[in-house]
Amino acid sequence: MKRVILLVAFLATINGFSQKIGTNKKAIIASVEKHEAELIKISDSIWALAETAFNESESSRILADYAEKNGLTVTRGVADIPTAFTATYGSGKPVISILGEFDALPGISQKASPVKEPLNAGAAGHGCGHNMFGTASLGAAIAVKELMEQGKLKGTVKFLGTPAEEKFFAKVWMVEAGLWDDVDVNVSWHPGANIEADVQSGLSLIDFIVEFYGQAAHASADPWNGRSASDALEIYTTGINYYREHILPTSRIHYHIQDGGQVVNVVPDYSKLWVRVRDPKRKIMLPTYERVKKMAEGAAIMANVDYKISLVSGIYETLVNRSGGEIMQKNIELLGPITYTEEETTFGKAIQKATGKEQVGMDSKINPLKETEKNPGGGSTDVGDVSWNVPNINLSVTVAPKDTPWHSWAVVACGGMSIGHKGMVYASKAMGMTMVDLFQNPKLVEKVKEEFKTRKGDEVYEAMIDGPPPIGKD
């Protein structure tokens, strides 16, 4: 008798849960599941291609072709970027956009294995899960399109294929090209190690190149005739490292030496480094940037060489939207946690062991909505620039075990197997369901837009770029 009562209670719980999901949201889930095999195939293809910033020709084509095949109108090469594209369906308001990234990171190629083992030694790998990012977002856009096609939703859905997020930040040029000018609300996600509606900001940053020009000479026979560009570089990086003590704890300065001279017996007449400055607030980051630029001039004077500074690009911190986060939170709570097999849990623990982390497996729970801006992340994204031009709703979904080092081979491994696949499919459903809420309820759209206006205040967005997209640049 007790078993019967428990069974009835269990069935009633399932039934109640089912009733909470409206007809259109059920249709979103069904659509994503209908396309699931194809979406996994697309994600795995992009994972294997692992194309880096502005080189994502095949990855972009695969996504754009699938969008076209499923009835969306595709425009390729937008914003003068060959690998950027839009895919739209519908007409009129509201216009809800969704972001899709697909670029990889250099040097972290990896098999779908829990031990470090490159797929192609020295090649790139999807250590940030962008093979899943663009694919999941397109799956959500297609699901919404199918509901529009049936007359169940009205408005316009707009998928944006956004390349070069890991380097150069293509969305900045896409914003400048006006691709979000007609959009009411933007939806996005990012692969992570947990499931949550993301209401935390990131860091603003600016990237620039410093080059020093000296005079070559024989390093032993007549070094007094040389003016070392390498000396200037070393003086400059020393200055940066001393300056770190005197910036705010929230700020960051990184650099990468790209050319410090070619051989030991020549006084180098050229050196080059890539410098990055970050802070949670752009208004704090910019004065630090100006100071670091002045230090390049000082280094050039001390080494008696010439110098040149070239802006690469810069991006804003993310302008969070709690009203949008609340909408997303309700949908991930409807979906519930991700369930993992014993094999997937074992894989996750093996990843944790290989990277020196506690072997606790996968984090499958739904995190509660956090207090906004209490814990800004250490990362940066050009989604920030989108968020200062249109309200943005963001989501994080588990695609790797807890505490996995990001931008590493370990994330690449998970993104090429079922752990990543499950997170991708989940994200597609959650974003599609959230877009249903926005299309069905104009008051929600207005609430999200009002918060955006309040948070933005009188800040005037200024793109931190100087010239066209650096296509073909290192």
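Just so it is clear, the model here is predicted, and its values are computed rather than measured. (Residues numbered from 1 in each chain as written. Predicted model: local features only at pLDDT ≥ 70, side-chain atom pairs only at ≥ 80, totals over all residues. Heavy atoms only, no water.)

1. Structural notes on the overall build of the protein
For step 1, the next point in the chain: Summing up its helical and strand segments, the protein has 13 helices and 13 strands in all.
For step 2, the next point in the chain: Considered along the principal axes of its C-alpha atoms, the protein spans approximately 95 × 50 × 40 Å.
For step 3, the next point in the chain: By the burial criterion, 55% of the 474 residues in the protein qualify as buried.
For step 4, the next point in the chain: Within the protein, contacts between residues separated by at least 24 positions form 82% of all contacts whose residues are at least 6 apart in sequence.
For step 5, the next point in the chain: When the accessible surface of the protein is split by element, carbon and sulfur atoms take 52% of a total near 20,500 Å².
For step 6, the next point in the chain: Distance between charge centroids for the protein: 7 Å, based on 50 positive and 57 negative side chains. (Helix = DSSP H or I, 4+ residues; strand = E, 2+ residues; numbered from the N terminus. Buried < 20%, exposed > 50% of the residue type's maximum accessible area, 1.4 Å probe, protein only. Contact = heavy atoms within 4.5 Å. Areas by Shrake-Rupley, 256 points an atom, 1.4 Å probe, with all protein chains shown as cover. Lys, Arg positive; Asp, Glu negative; His and termini not counted. Charge placed at Lys NZ, Arg CZ, Asp CG, Glu CD.)

2. Examining the nonpolar core
For step 1, the next point in the chain: Counting residues in hydrophobic clusters, the biggest one holds 132 residues, and the most contacted among them are W180, W189, F212, Y236 and M431.
For step 2, the next point in the chain: Sort the elements by how many residues they give to this core and helix α12 (residues 418–440) lands first, with 12 residues.
For step 3, the next point in the chain: Sequence-distant contacts of W189, defined by excluding residues within four places in its chain, comprise M132, F133, A136, S137, N394, L395, V397, V399, G423, M424, A427 and M431.
For step 4, the next point in the chain: By size, the runner-up hydrophobic cluster in this structure holds five residues, among which are W47, I108, C128 and V412. (Core = buried A, V, L, I, M, F, W, Y, C linked by side-chain atoms within 4.5 Å.)

3. Let's talk about helix α13 (residues 442–456)
For step 1, the next point in the chain: The end-to-end C-alpha separation of α13 is 21 Å, in line with the 21 Å expected for 15 residues at 1.5 Å each.
For step 2, the next point in the chain: The set of residues buried in α13 consists of V445, V448, E451 and F452. Down the axis of α13, the sector holding all buried residues measures 130°, keeping them to one side. For α13, exposure combined with an orientation more than 90 degrees from the buried face picks out P442, K443, K453 and T454.
For step 3, the next point in the chain: Of the surrounding secondary structure, the elements contacted by the buried residues of α13 are β5 (185–192), α8 (322–335), α10 (383–387) and α12.
For step 4, the next point in the chain: The distance from a side-chain oxygen at the start of α13 to the backbone nitrogen of K443 is 3.0 Å, and the residue carrying that oxygen is N441.
For step 5, the next point in the chain: Of the residues flanking the end of α13, it is G457, one or two places downstream, whose phi is positive at about 60°. (Expected span 1.5 Å × (residues − 1). Arc of directions from axis to C-beta. Polar contact = N/O pair within 3.5 Å; in protein donor to acceptor, adjacent residues only side chain to side chain.)

4. With respect to the pattern of salt bridges
For step 1, the next point in the chain: One pass over the structure, following the stated rule, counts 23 salt bridges.
For step 2, the next point in the chain: We note a salt bridge from E146 to K34, for which the minimum N-O separation is 3.2 Å. Placement of E146 in helix α4 (residues 130–149) and of K34 in helix α2 (residues 23–49) is noted, with a sequence separation of 112 residues between them.
For step 3, the next point in the chain: Each of E58, R61, D65, E68 and R76 takes part in salt bridges that share partners, so that together they form one network. (Salt bridge = Lys/Arg side-chain N within 4 Å of Asp/Glu carboxyl O.)

5. As for the sheet that holds strand β11 (residues 270–279)
For step 1, the next point in the chain: A sheet is described by the order of its strands in space; here four strands give the open sequence β9-β11-β7-β12, paired in antiparallel fashion. One side of each edge strand has no neighbouring strand; the edge strands of this open sheet are β9 (252–259) and β12 (306–315). Neighbour-to-neighbour, the strand axes of this sheet turn through a mean angle of 20°, independent of strand direction.
For step 2, the next point in the chain: Two strands pair when backbone bridges link them, and β9 and β11 are joined in this way by seven bridges, in the antiparallel orientation. The residue of β11 that forms the bridge with H254 is R276.
For step 3, the next point in the chain: This element, helix α6 (residues 229–243), spans β7 (204–213), β9 and β11 of the sheet and lies at about 15° to β11.
For step 4, the next point in the chain: Taken strand by strand, helix α7 (residues 282–303) contacts β7, β9, β11 and β12, and its axis lies near 5° from that of β7. (Pairing = 2+ DSSP bridges. Axes fitted to C-alpha atoms, helices over the stretch in contact; angles between N-to-C directions.)

6. Section: the sheet that holds strand β4 (residues 156–162)
For step 1, the next point in the chain: Reading across from one edge, β1-β2-β4-β3-β5-β13-β6 is the order of the seven strands in this open sheet, with mixed pairing throughout. Edge strands, defined here as strands with exactly one partner in the open sheet, are β1 (73–76) and β6 (196–198). Adjacent strand axes in the sheet meet at a mean angle of 25°, parallel and antiparallel pairs treated alike.
For step 2, the next point in the chain: Where strand β3 (residues 95–101) and β4 come together, seven bridges link them in parallel fashion. By the bridge assignment, V95 is partnered in β4 with T156.
For step 3, the next point in the chain: Here α12 sits on the sheet in contact with β3, β4, β5 and β13 (392–398), set at roughly 155° to β13.

7. A word on the packing of aromatic side chains
For step 1, the next point in the chain: Counting across every chain of the model gives 10 aromatic pairs.
For step 2, the next point in the chain: Ring geometry for F212 against Y236: centres 6.1 Å apart, planes inclined by 70°, an arrangement best described as edge-to-face. Residue F212 is found in strand β7, and its partner Y236 is found in helix α6; the two are separated by 24 residues along the sequence.
For step 3, the next point in the chain: Classification of F212 by relative accessible area gives buried; the value is 0%.
For step 4, the next point in the chain: Residue Y236 is classed as buried on the basis of its relative accessible area of 1%.
For step 5, the next point in the chain: In this structure, R291 packs its charged tip against the face of Y243, placed 6.0 Å from the ring centre. (Phe/Tyr/Trp six-rings, centres within 6.5 Å; stacked < 30°, edge-to-face > 60°. Lys NZ or Arg CZ within 6 Å of the ring centre and 35° of its normal.)

8. Some remarks on the pairing of β13
For step 1, the next point in the chain: With seven of seven residues buried, β13 is to be regarded as a mostly interior element.
For step 2, the next point in the chain: Taking every second residue as pointing to the same face, both faces of β13 are buried, with N392, N394, S396 and T398 on one and I393, L395 and V397 on the other.
For step 3, the next point in the chain: Sheet topology note: the β5/β13 ladder contains seven bridges and is parallel. Bridged to N186 within β13 is N392.
For step 4, the next point in the chain: Two elements, β6 and β13, share three bridges in a ladder whose sense is antiparallel. Across the sheet, D198 pairs through a bridge with N394, a residue of β13.

9. A closer look at the environment of L273
For step 1, the next point in the chain: Here L273 shows up in strand β11.
For step 2, the next point in the chain: Once the C-alpha coordinates of L273 and T237 are considered, the two residues, 36 residues apart in sequence, prove to be 9.3 Å apart.
For step 3, the next point in the chain: When near neighbours in sequence (up to four residues on either side) are disregarded, L273 contacts F208, I209, V210, F212, L233, Y236, T237, Y255, H256, I257 and Q258.

No statement about biological role is implied by the geometric values presented.
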